[in-house]
There are 2 protein chains.
Amino acid sequence: MNPSERMEAPALIGLDWGTSSLRAYAVDSGGRVLASRRSEHGIMHLPEAPAGSGPNASTQNAARFESALQTLCGDWLQAHPQAALLACGMVGSAQGWREAAYHPTPCAIDQLAQALTPVVRPGGHILHIVPGLIRQGEIPNVMRGEETQIAGVLQGLEATGGDVSSLLIGLPGTHSKWAWVDGGRVTRFETFMTGEVFAVLRHHTILGRTMGDGPPSDASAFERAIRLARPRAGAMGLLADIFSTRTLALTGQLRAEDQPEHLSGLLIGHEVAALLPHLSTPKNRLVLCGETDLCQRYATALALHDHPVSAIQSGVVAAGLWRIAQAAALVSAVPQITCI
Amino acid sequence: MNPSERMEAPALIGLDWGTSSLRAYAVDSGGRVLASRRSEHGIMHLPEAPAGSGPNASTQNAARFESALQTLCGDWLQAHPQAALLACGMVGSAQGWREAAYHPTPCAIDQLAQALTPVVRPGGHILHIVPGLIRQGEIPNVMRGEETQIAGVLQGLEATGGDVSSLLIGLPGTHSKWAWVDGGRVTRFETFMTGEVFAVLRHHTILGRTMGDGPPSDASAFERAIRLARPRAGAMGLLADIFSTRTLALTGQLRAEDQPEHLSGLLIGHEVAALLPHLSTPKNRLVLCGETDLCQRYATALALHDHPVSAIQSGVVAAGLWRIAQAAALVSAVPQITCI
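Residues numbered from 1 in each chain as written. Chains lettered and ligands numbered in written order. Predicted model: local features only at pLDDT ≥ 70, side-chain atom pairs only at ≥ 80, totals over all residues. Heavy atoms only, no water.

What about the overall build of chain A?
Okay, step 1: Scanning chain A for helices and strands turns up nine helices and 15 strands.
Okay, step 2: Referenced to the eigenvectors of the C-alpha coordinate spread, the extents of chain A come out at roughly 65 × 45 × 45 Å.
Okay, step 3: In chain A, once contacts between residues fewer than 6 apart in sequence are set aside, the share between residues at least 24 apart is 64%.
Okay, step 4: A total of about 13,700 Å² of accessible surface is found on chain A, and carbon and sulfur atoms cover 50% of it.
Okay, step 5: Distance between charge centroids for chain A: 2 Å, based on 25 positive and 29 negative side chains. (Helix = DSSP H or I, 4+ residues; strand = E, 2+ residues; numbered from the N terminus. Contact = heavy atoms within 4.5 Å. Areas by Shrake-Rupley, 256 points an atom, 1.4 Å probe, with all protein chains shown as cover. Lys, Arg positive; Asp, Glu negative; His and termini not counted. Charge placed at Lys NZ, Arg CZ, Asp CG, Glu CD.)

Next comes the structure, spelled out in structure tokens:
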């Protein structure tokens, strides 16, 4: 351990292990985050297997994950061998360290604690992986990583005495997830590829050619596009609406620096418009969780449709891992929970 | 001229000059295509300006276009200096040889003949450029090149005695255009970025990672996806629907080679679904024009919604250029028109 980093003994080392990055949290027995670290060793960017890892593909794969883990927090693991180790995210996918099969919904989020996938690490220490969620049906839906964020949102709301009886939790991002959570049970969820579609339209289609990178000159461009995406008679849908980014540019009505705002407003507007029929009855409490600026865009779009957001949360994964670790009795439950 | 290519004297040399390619047609005084050629010298891939073109940017630009034209059909131009020269497509855009301002709609398609933009070429010979169309409004819409295809469709239908009183012409492609044409007048049109969106989703998002290139194993995958995209209660829209390509793959319900079919069906299905309210009343005659396989996909989608397509046309640009050249009196009108 770095001598300058003197840390109390953590009860949990939590890992948020996604496609492009790995984050580690040292959490004490009261649920407080003592320290956190981040590396670029997402599951698609792992280090090479150390020499001597053996010729077996599965062993090699495990060695690469172990190497990433040791690089980021080998000192924590060595100094605190009693700490539980719990991971969520793509580390549990088919391309991960070990596949943690999707857990069917509806289900109580705390029930995931009974469905952890154990991985025995060198020395016999166990890493537990949180499963993703699946909604079966004609068209299935899946999430992996967001289930732990949902646990974190519940943890945060309960710690501050918030009403969690009926929630609609929006998790904007590359793929936005929306989860209906009643009394701690995920009853339904949806996925929108909004963030990824925005990125490819901007970087790989004709719409990006005239776009500028500078700060928007017209603060209302985003909101105007949200309004354009509202359900209306004669609407031609998203595939038609996005072309307005080009035609407004061609006719001098939308500056280069405002075109990304316009496109963002159209896409988020279409996502929110699709959710509208599900927002009014029953009246869910709306909570957003994710990167603050992005959540603010969704809050603006929802407010324009008269659906105010109750709360915006971010950085909830450690709290979610802590909640699941408690429910799994990997750490001792203590009566007083601190909001993280 | 290549001695092996003995051609009657053309009345018109027509150019279909797009972003990525240039096509030339030699057309006789009866409207028959005598010969056609193609090069890669689209407006974004022009040859360098010949030495001695001068330092002026505008002169250099003109020299590059002239060079592309000479490379493809200098022999035709030299042998037949009396032939009219008419071009359509991106050659008339702001990035083209000369900007041919968009013509406002509604307008009769033959009226475009009165709005050609002349470019005086070396030696005084004139190239005429067909303008694109614009639909003004809160959200403008534009087309460039497709107006000439519409002229070609009208030309073909009239030559075979078809009813052209009320048409809805679909032009599938990178950007699909749909034009409502009543008595030869374009009264309205729409644009869908369907083809380009399909390409970027396939090549630049997570959806493409599991896709195969082979022939589809399940002939019904496309039609099933069309049905999924139908307007229905609880629909979450395109941004949500496309994620099914991944979840059906993850759950073993959609093979790698069928995933492109599924995605294509979803996108075309959404485009056609958006048009449905405009298809029923008044009853337009539905005509598709474009690449045959792609048109067939749209015809399948429309048939699943009980809207049979009357005709599929392709390769109509030469006929459209011929029609506009006649209306502009660049060539003599002859009483008997041959369907091209």
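A look at the side chain of Glu196 of chain B
Okay, step 1: Position of Glu196 of chain B among the secondary structure elements: in helix α3 (residues 194–204).
Okay, step 2: Arg209 of chain A provides the closest opposite charge to the buried, salt-bridge-free Glu196 of chain B, at an N-O distance of 5.8 Å.
Okay, step 3: If we skip the residues at most four places from it in the chain, Glu196 of chain B touches His204, Thr205 and Ile206 of chain A together with Thr174 and His175 of chain B. (Buried < 20%, exposed > 50% of the residue type's maximum accessible area, 1.4 Å probe, protein only. Salt bridge = Lys/Arg side-chain N within 4 Å of Asp/Glu carboxyl O.)

Description of the sheet that holds strand β4 (residues 84–88) of chain B
Residues and elements named next belong to chain B.
Okay, step 1: What the six strands build is an open sheet, ordered β3-β2-β1-β4-β8-β7; its pairing is mixed. Of all strands in the sheet, those bounded by a partner on one side alone are β3 (33–39) and β7 (117–120). Looking at each pair of strands side by side, their axes are set apart by 20 degrees on average, direction ignored.
Okay, step 2: Of the pairings in the sheet, the one linking β7 to strand β8 (residues 126–129) comprises four bridges and is antiparallel in character. Considered in β8, the bridge of Thr117 is made with Ile129. (Pairing = 2+ DSSP bridges. Axes fitted to C-alpha atoms, helices over the stretch in contact; angles between N-to-C directions.)

Section: helix α9 (residues 317–327) of chain A
All names here are of chain A.
Okay, step 1: Within α9, ten of the eleven residues are buried, which leaves the element mostly enclosed by the surrounding structure.
Okay, step 2: For α9, every residue scored as buried is listed here: Val317, Ala318, Ala319, Gly320, Leu321, Trp322, Arg323, Ile324, Ala325 and Gln326.
Okay, step 3: Looking at the buried positions of α9, the neighbouring elements they touch are β1 (12–17), β2 (22–27), β3 (33–39), β4 (84–88) and α2 (146–159).
Okay, step 4: Ala329 sits one or two residues past α9 and shows a positive phi near 60 degrees.

Observations concerning the packing of aromatic side chains
Okay, step 1: Tallied over the entire structure, the rule returns eight aromatic pairs over all chains.
Okay, step 2: The interplanar angle of 50 degrees and the centroid separation of 6.3 Å between the aromatic rings of Trp178 of chain B and Tyr298 of chain B together place this pair among those described as tilted. In this pair, Trp178 of chain B sits in strand β12 (residues 176–182) while Tyr298 of chain B sits in helix α8 (residues 292–304), placing the two residues 120 residues apart along the sequence. For the pair Trp178 of chain B and Tyr298 of chain B, a shared accessibility class is recorded, and that class is buried.
Okay, step 3: Taken together, the ring pairs in this structure connect Trp17, Phe65 and Trp97 of chain A into an aromatic cluster. (Phe/Tyr/Trp six-rings, centres within 6.5 Å; stacked < 30°, edge-to-face > 60°.)

A closer look at the relation of the copies chain B and chain A
Okay, step 1: Relative to chain A, chain B is turned by 180 degrees and slid 0.0 Å along the rotation axis, the superposed coordinates differing by an RMSD of 0.0 Å. Each copy turns onto its partner about a two-fold axis. By C-alpha distance to the rotation axis, the residue of chain B lying nearest is Val200 of chain B, at 3.2 Å.
Okay, step 2: A shared interface surface links the copies, since 100% of the contact residues of chain B are contact residues in chain A too. (Least-squares fit on C-alpha atoms with pLDDT ≥ 70 in both.)

Considering the nonpolar core
Okay, step 1: Judged by nonpolar contacts, the single largest core of 71 residues is most densely connected at Trp178 and Ile242 of chain A together with Trp178, Ile242 and Leu267 of chain B.
Okay, step 2: A total of eight residues in this core trace back to one element, the largest contributor, which is helix α7 (residues 259–279) of chain A.
Okay, step 3: Residues within four places of Leu267 of chain B in sequence aside, it is in contact with Leu239 of chain A together with Thr194, Val197, Phe198, Leu201, Leu238 and Ile242 of chain B. (Core = buried A, V, L, I, M, F, W, Y, C linked by side-chain atoms within 4.5 Å.)

Re the confidence of the model for chain A
Residues and elements named next belong to chain A.
Okay, step 1: For chain A, per-residue confidence averages 93 on the pLDDT scale, and 95% of positions sit at 70 or higher.
Okay, step 2: Note that pLDDT drops below 50 for residues 336–340; the model gives that stretch twelve contacts with residues more than four away or on any other chain.
Okay, step 3: For this predicted complex, the interface score ipTM comes out at 0.93, while the overall pTM is 0.93. (pLDDT = per-residue confidence, 0-100.)

Description of the sheet that holds strand β7 (residues 117–120) of chain A
Residues and elements named next belong to chain A.
Okay, step 1: Taken together, six strands build an open sheet; the order of strands is β3-β2-β1-β4-β8-β7 and the sheet is mixed. Strand pairing shows two members of the sheet lacking a second neighbour, β3 and β7, which therefore form its edges. The mean angle between the axes of side-by-side strands here comes to 20 degrees, regardless of whether they run parallel or antiparallel.
Okay, step 2: Pairing geometry for β1 and β2, over six bridges, is antiparallel. Opposite Leu15, over in β2, you have Ala24 as the bridge partner.

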